[in-house]
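Chain residues, written in single-letter form:
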Amino acid sequence: MIRKIAPFLLILLLLPLFDSNSYRVDVLCTAALYALLAIGLNLIVGFAGLLHLGYAAFFAIGAYTYALLNLRVGCPFWIGLPIAAFSAGVAGVLLGLPVIRVRGDYLAIVTLGFGEIVRVTVTNLEDWTGGPNGLLGIAHPVVGSYNFGVDSKPYYLLLVVLVSIVAWACTRMARSRIGLAWMAIREDELAAACSGIDTARFKLLALGLGGGIAGLAGCVFAAKQGTITPDSFDFILSVMVLAMVILGGLGSVGGAVLGAVVLSLAPELLRSFSTYRMLLFGIVMVLLIRYRPQGFLGASEIRRELKGGHGSA
Amino acid sequence: MSVFQIFLQQLLNGLTIGSVYALIALGYTMVYGIIQLINFAHGEIFMVGGYIGLTVLVISSGLPIAASPLFLIVVLIAAALGCALLGFCIERVAYRPLRRAPKLSVLITAIGVSFFLQNAVMIGYGAQDQYVPNPLPMAAWGKGGITVTPLQLLIFAVSIALMIGLQLIVYATPLGRAMRASAQDPLAARLMGIPVDKVIAVTFAIGSALAGVGGVLFGSYYSTINFHDGYLIGLKAFTAAVLGGIGNIPGAMLGGLLLGLIEGLGAGYVSTQWKNVIAFAVLVLVLLLRPRGLLGERVAERA
């Protein structure tokens, strides 16, 4: 099935590159960025069942890592990209080390606290991060003699490539022993531990990989904008990405992408309502969940659990 | 000012804001205790409470009755009733249809409600800060370098009275018994003839009323209110609830007061810029040492 529709999907995805309306391409670019974040968070929340409310922190770490490397030592984008992903991944593991034994909603609040700590620290370390004014003049990516510049199209292409690679890798991982271990932990941590799964290691792996993906997204974001401020990494971002993952269906990679596309396009589609836009967006979110509580594409493995009425966290 | 006086002053300021946090934290903890939902819209209800208070104060500003300090009681009651109704409606329209849905999905509903309320207020009142007239415009009392405003004392008095009242409702009335039973085991409670849905609705209404009162107190204390205020204060109150042990009513009070104290002292001795970091760092530390919060009981992993 997926093989048959893949070429059409690809054409559809690449069509915006020939669209002359830069606003539309920019909106899609944002959607793709959110898709990357949603896939990463889905690893943590959907696969490993760790409710994380500070995901924006990893995005921020990725963005600031590239921005600082670029501004201080002139590091080019293509070298900054893996370093940003790596440092956000390390941050994920480091955060995980102390909090791995905190569970459920308590984990949620610790990660929320972590997210706020990172944001306020970035705001206050003015010598390094420019404080609330942020950092300016971050270099755009360059390939040979071609500079990506401010046009959204090359970034859209780059993000489609990144989303495809990451989505493919995550889908493969979900079916591997690692994915099975994550799902075992999510469904019943005690039983998983008793079956010989090193739960701490697999949780850290999920946090590290999820953090790394957010780092990638942060790096692309910083390079595209050329400017970053702490405002871009607030709690609302963490919550929106989480909403995308849940709406798409926990544990489904395709669902995460779908959720990201729906929730990032909806406010744009409502733009004609001007001031009432976000008000209506709130109603749309309430209604979507009202009629589709399990999300668009919930993973079949967790369907059983959803029917029972128990949450996974 | 001596070192000790500064300490006392910061302590006092911290306790004032802490008692507002405690009022809001109570709503979080009550709702969580009964349906295990982190009601992210709760901070917005607090904010709406502040705006109801502002509206009543502004409308009545010319009337002779408004000059009396007792008028503040009317304002508080108006906000409490308005927010109770709002909380009741939100539960009915948004949360009740999802009673059997997965817990995380309801989180999206809460975020949606939150967006709705924020933007409704923004459209109604504008995005700029609104000035809240001081309902108790009397001189502050100062002694030995420490100043206490009548408003600060009132915030204390109202918060403590409400907390005692809530404690009485929960532990000494049939309604409270029904609430505790529904929290412990909804199915068994239902079998014993307790109208669990009604109890949940009333829990929402009570929690929202407390948040509404908190909103008025907060607005008068800082003299301004903004449609964005619900977000950060809500987050802090939620933190306070978790700090004390979520689902635990005395825990929420303790957590709120402690958080206020930590912030007050942090702002006084370290820097105001870092006060939020200090508050969250303490929270993380407490949870690492006591994963169930300060007064939280050990409960089964999947309650």
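Residues numbered from 1 in each chain as written. Chains lettered and ligands numbered in written order. Predicted model: local features only at pLDDT ≥ 70, side-chain atom pairs only at ≥ 80, totals over all residues.

## As for the confidence of the model for chain B
Residue and element names in this part refer to chain B. Summary statistics for chain B give a mean pLDDT of 88 and a share of 97% for residues scoring 70 or more. Taking the mean pLDDT of every element in chain B, the minimum, 78, falls on strand S2 (residues 141–143) and the maximum, 95, on helix H8 (residues 196–222). Under the prediction, the complex receives an ipTM of 0.83, its pTM being 0.85. (pLDDT = per-residue confidence, 0-100. Helix = DSSP H or I, 4+ residues; strand = E, 2+ residues; numbered from the N terminus.)

## A few points about the packing of helix H9 (residues 229–244) of chain B against helix H10 (residues 249–269) of chain B
Residues and elements named next belong to chain B. Interhelical geometry of H9 versus H10 gives an angle of 120 degrees and a closest axis separation of 7 Å. As summarised for this structure, H9 and H10 are arranged oblique, according to the angle between their axes. For H9 against H10, the interelement crossing comes out right-handed. In contact with Lys 236, Ala 237, Thr 239, Ala 240, Ala 241, Leu 243 and Gly 244 of H9, H10 contributes Gly 251, Ala 252, Leu 254, Gly 255, Gly 256, Leu 258 and Leu 259. When the residues that make up the contact of H9 with H10 are grouped by side-chain class, the tally is eight nonpolar, five polar and one charged. (Axes fitted to C-alpha atoms, helices over the stretch in contact; angles between N-to-C directions. Parallel < 35°, antiparallel > 145°, perpendicular 65-115°, else oblique. Left-handed = near helix turned anticlockwise from the far one by under 90°. Contact = placed C-beta atoms within 7 Å. Nonpolar A, V, L, I, M, F, W, Y, C, P; charged D, E, K, R; others polar.)

## Some thoughts on unusual backbone geometry
Residue and element names in this part refer to chain B. Positive phi outside glycine occurs at Gln 36, with the angle close to 50 degrees. Relative to the helices and strands, Gln 36 resides in the loop between helix H1 (3–35) and helix H2 (42–59). In this structure Gln 36 comes out as partly exposed when scored by C-beta crowding, with 19 C-beta atoms within 10 Å. One non-glycine residue, Ser 223, lies in the positive phi region at around 65 degrees. (Buried ≥ 20, exposed ≤ 12 C-beta atoms within 10 Å, placed from the backbone.)

## Describing helix H10 (residues 199–225) of chain A
Residues and elements named next belong to chain A. Between the first and last C-alpha of H10 there are 39 Å, a value that for 27 residues agrees with the 39 Å anticipated at 1.5 Å per step. Across the 27 residues of H10, 22 count as buried, placing the element largely inside the fold. A positive backbone phi angle near 80 degrees is found at Gly 226, which sits one or two residues after H10. (Expected span 1.5 Å × (residues − 1).)

## Description of the nonpolar core
All names here are of chain A. With 213 residues, the main nonpolar core has Leu 36, Ala 38 and Leu 159 as its most contacted residues. Among the elements that make up this core, the one with the highest residue count is helix H2 (residues 22–47) (17 residues). Sequence-distant contacts of Ala 38, defined by excluding residues within four places in its chain, comprise Val 241, Met 244, Val 245, Gly 248, Ala 256, Val 257, Gly 259 and Ala 260. (Core = buried A, V, L, I, M, F, W, Y, C linked by C-beta atoms within 7 Å.)

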